[in-house]
Amino acid sequence: MEKSKKKLSLAVQIFIALVLGIVVGIALTKQVAFANTYIKPFGTIFLNLVKWVVTPLVFFSIMSGVISMRDIRKVGSVGVKTIVYYLCTTALAIIIGLLFANIFKGVFPVLQTSGLEYAAKDPVSFMDTLVGIFPSNFLAPFVNANMLQIIVASLLIGFSLLLIGEKKQLEFKLVETLNDTFMKAMEMIIKLSPIGVFCLICPVVAENGPSVLGSLAMVLLVAYIAYIIHMVIVYSVAVKAGAGMSPLKFFKGMLPAMMMAFSSASSVGTLPLNMECSEKLGADKDVSSFVLPLGATVNMDGTAIYQGVCSIFIASCFGISLTFPQMLTIVLTATLASIGTAGVPGAGMIMLAMVLQSVGLPVEGIALVAGIDRIFDMGRTTVNITGDASCAIIVSELERRKAARKAKANS
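We now turn to the structure provided with this report. (Residues numbered from 1 in each chain as written. Predicted model: local features only at pLDDT ≥ 70, side-chain atom pairs only at ≥ 80, totals over all residues. Heavy atoms only, no water.)

## Some remarks on the overall build of the chain
And step 1. Per the secondary structure count, the chain includes 18 helices and zero strands.
And step 2. Across the 411 residues of the chain, 52% fall into the buried class.
And step 3. Sequence-distant contacts, at least 24 apart, represent 84% of the contacts inside the chain between residues at least 6 apart.
And step 4. As displayed, the chain has an accessible area near 18600 Å², and 68% of this comes from carbon and sulfur atoms. (Helix = DSSP H or I, 4+ residues; strand = E, 2+ residues; numbered from the N terminus. Buried < 20%, exposed > 50% of the residue type's maximum accessible area, 1.4 Å probe, protein only. Contact = heavy atoms within 4.5 Å. Areas by Shrake-Rupley, 256 points an atom, 1.4 Å probe, with all protein chains shown as cover.)

## Quick notes on the packing of helix α4 (residues 72-104) against helix α10 (residues 217-243)
And step 1. The interhelical angle for the contact between α4 and α10, taken along N-to-C directions, is 140 degrees, at an axis separation of 9 Å. One element, α4, and the other, α10, form an angle in the oblique class. Relative to α10, the crossing made by α4 is right-handed. In contact with Tyr85, Thr89, Leu92, Ala93, Ile96, Gly97, Phe100, Ala101 and Phe104 of α4, α10 contributes Val222, Ile225, Ala226, Ile229, His230, Val234, Tyr235 and Ala238.
And step 2. In terms of residue class, the contact of α4 with α10 is built from 14 nonpolar, three polar and no charged. (Axes fitted to C-alpha atoms, helices over the stretch in contact; angles between N-to-C directions. Parallel < 35°, antiparallel > 145°, perpendicular 65-115°, else oblique. Left-handed = near helix turned anticlockwise from the far one by under 90°. Nonpolar A, V, L, I, M, F, W, Y, C, P; charged D, E, K, R; others polar.)

## Here we look at the nonpolar core
Across soluble globular proteins, nonpolar side chains show a tendency to be buried alongside one another.
And step 1. Phe250, Met254 and Phe376 are the most contacted members of the largest nonpolar core, which has 117 residues in total.
And step 2. The residues contacting Met254, other than those within four sequence positions of it, are Asn274, Cys277, Ser278, Leu281, Ile385, Thr386 and Ala389.
And step 3. Counting residues in hydrophobic clusters, the runner-up holds six residues, among them Leu28, Ala35, Ile39 and Ala206. (Core = buried A, V, L, I, M, F, W, Y, C linked by side-chain atoms within 4.5 Å.)

## Notes on the environment of Ile62
And step 1. Position of Ile62 among the secondary structure elements: in helix α3 (residues 32-69).
And step 2. Owing to a relative accessible area of 1%, Ile62 belongs among the buried residues under this scheme.
And step 3. Along the chain, Ile62 and Ser154 lie 92 residues apart, while their C-alpha atoms are 6.2 Å from each other.
And step 4. Apart from the residues within four sequence positions on either side, Ile62 is in contact with Ile151, Ser154, Leu155, Ser289, Phe290 and Pro293.

## Things to note about the packing of aromatic side chains
And step 1. In total, this model carries eleven aromatic pairs according to the counting rule given.
And step 2. Where Phe59 meets Phe60, the ring centres are 5.1 Å apart and the plane angle is 75 degrees; that geometry is what we call edge-to-face.
And step 3. The interplanar angle of 10 degrees and the centroid separation of 5.8 Å between the aromatic rings of Phe60 and Phe182 together place this pair among those described as stacked. Of the two residues, Phe60 is situated in helix α3 and Phe182 in helix α8 (residues 169-190); the sequence distance between them amounts to 122 residues.
And step 4. You can call Phe182 buried: its relative accessible area is 18%.
And step 5. Clustering of aromatic rings is evident, with ring pairs tying together Trp52, Phe59, Phe60, Phe138, Phe142 and Phe182.
And step 6. Over the ring of Tyr306 we find Arg380; its NZ or CZ atom is 4.2 Å from the centre of that ring. (Phe/Tyr/Trp six-rings, centres within 6.5 Å; stacked < 30°, edge-to-face > 60°. Lys NZ or Arg CZ within 6 Å of the ring centre and 35° of its normal.)

## Describing the pattern of salt bridges
And step 1. The final tally for this structure, using the stated rule, is seven salt bridges.
And step 2. Here Glu399 makes a salt bridge to Lys81, at a shortest N to O gap of 2.8 Å. Placement of Glu399 in helix α18 (residues 373-410) and of Lys81 in helix α4 is noted, with a sequence separation of 318 residues between them.
And step 3. Overall, Glu399 belongs to the buried group, its relative accessible area being 7%.
And step 4. Accessibility expressed as a relative area gives 25% for Lys81, which makes it partly exposed.
And step 5. Close ionic contact of Asp284 with Arg400 constitutes a salt bridge, the shortest N to O distance being 2.6 Å. Of this pair, Asp284 sits in the loop between α12 (267-280) and α13 (285-298) while Arg400 sits in helix α18, and the two are 116 residues apart along the sequence.
And step 6. When its relative accessible area of 23% is taken as the criterion, Asp284 is described as partly exposed. (Salt bridge = Lys/Arg side-chain N within 4 Å of Asp/Glu carboxyl O.)

Written out as structure tokens, the structure reads:
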């Protein structure tokens, strides 16, 4: 009995739920209303529970991570490594997206582009984003689920507790207790993942199934090939070189979080499960508590690939060939925009509008891919959270090596 329980791991349960959700979704393609009315609400309930636990979890986990490092210099060291890693992998992602889109652009369908309309949201300027990062009210970031403001608030309080010093052990213990409490709540909610995954994926397949097989199937296929290539090559090389970890071990350990990300299309919603998977793979708790919430907000490798593929696709539909300097502009714009639009809902679409504008492509072209954006989003979210986890594991190993060298030098 014990053996059978062990075999049916959370990853297996989520995979079974994912397959069942797809099968039932295909069966309900002619009964979309039923799927949306009676199945989707249970997925929404699961997501609501995840969203409820995520904001206090991010707040207390980052604060606990800062406190457990005991040294502001270590926080700075981890922060610099994290941002450099995220920027480098995002740049590689957009290059891979452009490369595969150019390879396959000859097979993109020629679509009717007259009469297209798309009301692009105004891009948020970098300075507006910078101002928006800093909260003006203590409770507002939690009410609005503004993750960047929550991160800033938790860092400020964490640094303040460190500066108060060791004499305030009671406050340290209180933060750790609250962090453990929300971690436990997260564990209980995560046990519902198979049900949540089934109820989230089923209506999506029921609603979008037929359209996936239509004229836009090719651009989706190219995007997913680029998603997979980026994960298999970039993250495999990164975890092997940076942490000495077998890529197979990494992806096997990440399966539950990846399947959750694919079905929910929410990096923040997948954060609790991502933290659990990363720590099981060897990421230090203090590092993952800092790196993963930051990555869920600013690391967008999958979104960067989406920018590259969609830019070439839209250009092809309008009969435009992009030059090398224009492609370089796309790389730079998408890489910087991945942080510049971090706290904005629907960041993928806003980023795409910014990228199109940067190279003079018609923003109306977004209308060509807007209808299947959810399907793009499922893949790009999976890439995003996998990149976050690889960063946590690599930074943890680099910090351990640094500490070992320091200890050796002092001995």
